[in-house]
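Each chain, letter by letter, is given below.
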Amino acid sequence: MRDTDGMAALGQQGRPVDEVIAELTDKRSGDVKWSDGKTFGMVYDGGPSVHEVAEQAARLYLHENALNTQAFPSLRQIQSDVVGWTADLLNGDENTAGFLTSGGTESILCGVLAARKRGLAERNITEPEMVLSESAHAAFHKAADNFGLTVHKAPVREDYTANVEAMASMVNDNTVLVVGSAPQYPQGVQDDIPSIAALAKSVGANCHVDACMGGFVLPFAERIGRDVLPWDFRVDGVTTISADIHKLGYAPKGVSVILHNTKESRKYQTFVFDDWLGGFYASPNMQGTRSGLPMACAWAVMQHLGVDGYIDLTQQTLVNADLMRAGIMAVDGVRVLGEGQFHLVAMAAEPDSGIDMFALGDALLERGWYHDRQTPPDNLHSTVSNTNTGVIDQYLVDLSECVATAGTTDDRSTTYATLE
Ligand SMILES: *Cc1c(COP(=O)(O)O)cnc(C)c1O
């Protein structure tokens with residue numbers, strides 16, 4: 001027998017349904033308790049009726065396969081509806097076209113691939129390059145790594161937005177893609193998309209706007225009268241946009257939208273093949289077999305919420321984030337990085353306080369508050385959403401108590417020294 005190195009082999013005999021489910025339920029006991037609102041990110045809770053409609057849709061589409069929409073015409077329609085609604089929210093026109101993908105990363109992979117293929121087909125670029133800001137999501141680097149593009153990465157400005165002049169110095173005849181974020185993930189600030197799109201257009205490159213976070217926030221923030229700088233298909237030169245329904249679109253995990261400004265652009269991301277023994281094969285994104293479940297859930301959640309439902313959730317989300325930002329600024333020793341206007345908050349130490357932010361993160365976690373950690377500088381990241389409604393006041397109380405007792409980075413070097 002194979003040495004399983006601590007891993008058990010699958011049991012010879014199957015187990016009863018109840019027993020299997022009981023063990024799975026038990027396994028979850030150590031996971032974050034997102035439903036109490038104390039997790040800032042990863043799970044986005046639209047409320048009980050949103051769960052209900054998603055769970056019922058999931059049950060209907062648990063087994064369906066969207067690889068073949070001839071067999072499942074309902075999934076073709078579902079995809080076309082969701083893509084169409086998203087294009088409309090993002091101010092596309094009758095030429096706007098897109099697909100559903102499994103998430104933001106896949107949407108970005110599709111956007112980068114389309115840019116590379118367009119560069120080869122229309123400009124004969126065989127050594128493709130892309131230009132982005134150091135705030136752009138890691139998924140762009142993954143795409144460059146997978147598809148063989150050279151990345152030019154510009155430092156951010158002091159306010160954490162993309163430094164478009166620095167990016168301009170990196171654009172050349174091999175540039176197939178220039179990237180902007182609306183907003184970017186690390187500090188939640190929005191790049192100057194019109195300048196980035198103009199830069200891309202000046203060399204005939206694609207401009208991808210990463211609205212994985214903002215795609216289902218900014219359209220509604222604009223409707224409730226918040227200041228939203230131009231970022232969507234109203235901006236000349238924007239060729240592709242990624243928007244995640246499984247984030248602030250409040251659908252369960254596994255669904256995002258990639259939109260192209262034209263159907264010709266969309267063609268560059270699809271793969272069509274008719275030269276193997278398995279017959280005609282067409283695939284719009286990175287997947288082969290594609291679960292119908294997340295697509296149906298997205299359809300159901302969007303139909304259930306409607307624009308008004310999203311406006312309500314966005315209103316609460318932005319109020320939560322504003323409260324959090326104001327509360328953090330009021331605590332001595334910590335500060336908010338950048339001037340984000342939306343739902344992402346990065347909290348760092350005041351430069352002279354010496355507070356060990358990751359020790360602070362541990363102390364908050366002991367009280368149930370979960371943040372992602374990022375650096376530089378060491379900071380705690382929050383994706384605020386409707387999930388956190390009603391808990392921010394308590395969070396701020398816990399935060400000031402934890403800051404008061406948090407160690408400094410000097411303590412941390414001592415700990416590291418002891419560990420060695
Ligand atoms: C989450 C996110 C991504 C990646 O999306 P996944 O769904 O995690 O694959 C890309 N860009 C931004 C700005 C994001 O917030």
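Scroll up to find the structure this text is about.
What comes next is a walk through the structure. (Residues numbered from 1 in each chain as written. Predicted model: local features only at pLDDT ≥ 70, side-chain atom pairs only at ≥ 80, totals over all residues. Heavy atoms only, no water.)

## What to know about the environment of Gly237
Positionally, Gly237 belongs in the loop between helix 8 (218-223) and strand 6 (240-244). When its relative accessible area of 16% is taken as the criterion, Gly237 is described as buried. On a C-alpha basis, the gap between Gly237 and Phe40 in space is 34 Å, while along the polypeptide they are 197 residues apart. With residues near it in sequence (within four places) discarded, Gly237 still touches Ala197, Lys201 and Cys207. (Helix = DSSP H or I, 4+ residues; strand = E, 2+ residues; numbered from the N terminus. Buried < 20%, exposed > 50% of the residue type's maximum accessible area, 1.4 Å probe, protein only. Contact = heavy atoms within 4.5 Å.)

## Some words on the layout of surface pockets
Space inside the largest pocket adds up to approximately 730 Å³. Within the residue set of the lining of the largest pocket, elements represented by two or more residues are helix 3 (73-89), strand 1 (97-101), helix 9 (263-267) and strand 9 (281-283). Take the lining of the largest pocket: its biggest share by element is 7 residues, from helix 3. (1 Å grid on protein atoms, 1.4 Å probe; cavity = no way out; pocket = protein on both sides within 12 Å on 5 of 7 lines; lining within 4 Å. Points joined across faces, edges and corners; volume = space filled by probe spheres on them.)

## Regarding the pairing of strand 4 (residues 175-181)
Among the 7 residues that make up strand 4, 7 are buried, leaving the element largely enclosed by the rest of the structure. Sheet topology note: the strand 2 (residues 129-133)/strand 4 ladder contains 3 bridges and is parallel. Considered in strand 4, the bridge of Met130 is made with Leu177. Strand direction decides the pairing type here: strand 4 and strand 5 (residues 206-210), joined by 5 bridges, are parallel. Opposite Val179, over in strand 5, you have His208 as the bridge partner. Since strand 4 and strand 5 lie parallel, the crossover through helix 7 (residues 193-202) that links them has a hand, and here it is right-handed. (Pairing = 2+ DSSP bridges. Right-handed = clockwise from strand over helix to strand, strands pointing away.)

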